[in-house]
Amino acid sequence: QVQLVESGGGLVQAGDSLRLSCAASGRTFSSLVMGWFRQAPGKEREFVARIWTGGRTLYANSVKGRFTISGDNAKNTVYLQMNDLKPEDTAIYYCAARYVANSEYSHWGQGTQVTVSS
């Protein structure tokens, strides 16, 4: 079983930066695909970024060039560095994990709120 705990959310102004962290336990981090998702009020949850074997990454177009996902295998932690934040980035951000062979994310964190004021 994989447990995920996010941290780092908060209230910032447009243009500011935040770094979210997701600590994974119960499974070797390097054997998982780690992703970040977000859900804004009244909207469906959407993909933000993911990182997997060899440090490969993928981003949603809406965050490309502003957000960076990275991982620290020694700490079993994945990060989401968010720069140049915009009000439309306001959402609850969730960390998720899935095994490399699976297509569905099977483990989710509790979420952390990010609010960007204009």
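Everything below is about the structure printed above this text.
None of the values given here were measured: they were computed from a predicted structure. (Residues numbered from 1 in each chain as written. Predicted model: local features only at pLDDT ≥ 70, side-chain atom pairs only at ≥ 80, totals over all residues. Heavy atoms only, no water.)

(A) Representation of the pairing of strand β3 (residues 18-25) within the structure. Note: strand β1 (residues 3-7) against β3, five bridges, orientation antiparallel. In the strand pairing of β3, serine 7 is matched with serine 21. Note that β3 and strand β8 (residues 77-82) share six bridges and pair antiparallel. By the bridge assignment for β8, serine 21 is matched with tyrosine 79. (Pairing = 2+ DSSP bridges. Helix = DSSP H or I, 4+ residues; strand = E, 2+ residues; numbered from the N terminus.)

(B) Expanded view of the side chain of serine 21. With respect to the helices and strands, the residue serine 21 is situated in strand β3. Note on serine 21: relative accessible area 16%, which makes it buried. In this view, serine 21 contacts Val5, Glu6, Ser7, Trp36, Thr77, Val78 and Tyr79; residues no more than four positions away in its chain are not counted. (Buried < 20%, exposed > 50% of the residue type's maximum accessible area, 1.4 Å probe, protein only. Contact = heavy atoms within 4.5 Å.)

(C) Broad picture of the sheet that holds β3. Spatially, β1-β3-β8-β7 is the arrangement adopted by the four strands of the open sheet, whose pairing is antiparallel. Both outer strands of the open sheet, β1 and β7 (67-72), are each paired with one neighbouring strand and no more. Neighbour-to-neighbour, the strand axes of this sheet turn through a mean angle of 15 degrees, independent of strand direction. (Axes fitted to C-alpha atoms, helices over the stretch in contact; angles between N-to-C directions.)

(D) How the structure looks around the side chain of aspartate 89. Along the chain, aspartate 89 turns up in the loop between β8 and β9 (91-99). For aspartate 89, the side chain forms a polar contact with the side chain of arginine 66, separated by 2.8 Å. Residue contacts for aspartate 89: discarding those within four places in its chain leaves Arg38, Arg66, Phe67, Asp84, Val114 and Val116. (Polar contact = N/O pair within 3.5 Å; in protein donor to acceptor, adjacent residues only side chain to side chain.)

All quantities given are derived from atomic positions and should not be read as evidence of function.
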